[in-house]
Amino acid sequence: MKLNQNTLASLAAVGMLSLGLQARAEDPSPEIMKEGKATYATCMACHNVDGKGLPVGNLKMAPPLAGSKFALGDPEVMALAVLKGIEKNPADTTYIGIMAPLETALDDKKLAAVLTYVRNSFGNKASVVTEEQAKGYREKFAKIQKSVARTTLDKLLAKKEAAAKEEAKPSE
Ligand code: HEC
């Protein structure tokens with residue numbers, strides 16, 4: 001095919017169109033953000049309304065969710081932390097609060113909404129979490145009966161990231 005000005009222009013238009021559609025498909029709907037914001041009331045007492053962690057004197061109740069690798073990474077690991085809570089390391093006195101298990105407080109719809117909200121607020125930008133995904137994570141982790149160690153979460157996230165990189169590699 002011989003490329004002329006017109007073909008180039010239409011190719012560019014198609015490219016821009018698909019990019020535009022892609023960007024929109026990844027944006028959370030106003031409804032899910034509204035539900036997520038309402039559900040975030042559950043998190044605010046520790047993570048604060050601005051997602052930066054509620055200050056208590058020189059300390060904080062909880063770490064910031066703004067820029068958190070868990071908020072921005074594979075949603076499965078974030079869901080695990082929220083469903084089961086994070087085991088408190090007594091040697092770590094950085095945060096006053098404890099990340100409690102919230103699986104009974106959040107149904108699948110609320111879990112999906114609050115994860116999506118946190119992943120797309122406070123300057124964060126990450127994938128939407130659907131109700132089906134939330135349901136899947138709950139089922140996958142149903143057997144875990146106690147809070148998860150931070151080192152376990154770190155390892156799982158690293159594993160997920162390595163797998164995603166492998167997948168993104170062009171095959172020869
Ligand atoms: C009672 C206080 C409290 C509440 C309520 C709470 N968290 Fe947490 N959260 C914590 C603490 C403390 C940590 C750090 C835990 C640790 O490392 O020991 C944490 C850690 C996290 C992390 C990991 C962040 C990182 O980068 O280390 C995520 C994600 C998170 N919380 C999400 C949520 C969400 C979403 C909610 C609401 C649905 C919520 N939390 C409710 C106290 C809380």
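As a starting point, this report considers the structure included with it. (Residues numbered from 1 in each chain as written. Predicted model: local features only at pLDDT ≥ 70, side-chain atom pairs only at ≥ 80, totals over all residues. Heavy atoms only, no water.)

1. A word on the site of the ligand
Thinking step 1. The ligand sits among 17 residues. The nearest are Cys-43, Cys-46, His-47, Ser-68 and Met-99.
Thinking step 2. A distance of 2.7 Å separates an oxygen atom of the ligand from a polar atom in the side chain of Ser-68.
Thinking step 3. Here the element with the most residues in the shell around the ligand is helix α3 (residues 41–47); it accounts for 4 residues.
Thinking step 4. Class assignment for the residues of the shell around the ligand results in 12 nonpolar, 4 polar and 1 charged. (Near = heavy atom within 4 Å. Polar contact = N/O pair within 3.5 Å; in protein donor to acceptor, adjacent residues only side chain to side chain. Helix = DSSP H or I, 4+ residues; strand = E, 2+ residues; numbered from the N terminus. Nonpolar A, V, L, I, M, F, W, Y, C, P; charged D, E, K, R; others polar.)

2. Let's talk about the pattern of salt bridges
Thinking step 1. On inspection of all chains with the given rule, the structure shows 10 salt bridges.
Thinking step 2. Between Lys-125 and Asp-27 there is a salt bridge; the shortest N-O distance is 3.2 Å. Separated by 98 residues along the polypeptide, Lys-125 in the loop between α6 (108–119) and α7 (131–140) and Asp-27 in the loop between α1 (5–26) and α2 (30–39) bring together distant segments of the chain.
Thinking step 3. With a relative accessible area of 51%, Lys-125 lands in the exposed category.
Thinking step 4. A salt bridge links Lys-140 to Glu-76; the nearest nitrogen and oxygen atoms lie 2.9 Å apart. (Salt bridge = Lys/Arg side-chain N within 4 Å of Asp/Glu carboxyl O. Buried < 20%, exposed > 50% of the residue type's maximum accessible area, 1.4 Å probe, protein only.)

3. Overview of a nonpolar patch on the surface
Thinking step 1. A cluster of nonpolar residues, Val-56, Leu-59 and Ile-96, forms a patch on the protein surface that exposes about 220 Å² of accessible area.
Thinking step 2. Within the secondary structure, Val-56 is located in strand β1 (residues 55–56). (Patch = residues over 30% accessible without salt bridge, like charges linked within 9 Å, V, L, I, M, F, W, Y side chains within 5 Å. Areas by Shrake-Rupley, 256 points an atom, 1.4 Å probe, with all protein chains shown as cover.)

4. Looking at the environment of Met-61
Thinking step 1. Within the fold, Met-61 resides in the loop between β2 (59–60) and α4 (69–72).
Thinking step 2. When the C-alpha positions of Met-61 and Tyr-95 are compared, they lie 5.1 Å apart, and in sequence the two are 34 residues distant.
Thinking step 3. Filtering out sequence-adjacent residues up to four positions away, Met-61 remains in contact with Ala-45, Cys-46, Leu-54, Val-56, Tyr-95, Ile-96 and Gly-97. (Contact = heavy atoms within 4.5 Å.)

5. Brief notes about the packing of helix α5 (residues 75–84) against α6
Thinking step 1. In the contact formed by α5 and α6, the axes pass within 11 Å of each other and the chain directions differ by 120 degrees. Between α5 and α6 lies a crossing whose hand is right-handed. Taking contact as the criterion, the partners of Pro-75, Met-78, Ala-79, Val-82 and Leu-83 in α5 are, on α6, Leu-111, Leu-115, Val-118 and Arg-119. (Axes fitted to C-alpha atoms, helices over the stretch in contact; angles between N-to-C directions. Left-handed = near helix turned anticlockwise from the far one by under 90°.)

6. Quick notes on the packing of aromatic side chains
Aromatic rings considered in pairs are described by the distance between their centres and by the relative angle of their planes.
Thinking step 1. Following the criterion strictly, the structure yields 3 aromatic pairs and no others.
Thinking step 2. Between Tyr-40 and Phe-122 the ring centres are 5.4 Å apart and the planes differ by 50 degrees, which places this aromatic pair in the tilted class. Of the two residues, Tyr-40 is situated in the loop between α2 and α3 and Phe-122 in the loop between α6 and α7; the sequence distance between them amounts to 82 residues.
Thinking step 3. Taking the relative accessible area as the measure of exposure, Tyr-40 reaches 1% and is therefore buried.
Thinking step 4. Under the relative-accessibility criterion, Phe-122 is labelled partly exposed at 22%.
Thinking step 5. Ring centres 5.9 Å apart and planes at 85 degrees place the aromatic pair Tyr-117 and Phe-122 in the edge-to-face group. (Phe/Tyr/Trp six-rings, centres within 6.5 Å; stacked < 30°, edge-to-face > 60°.)

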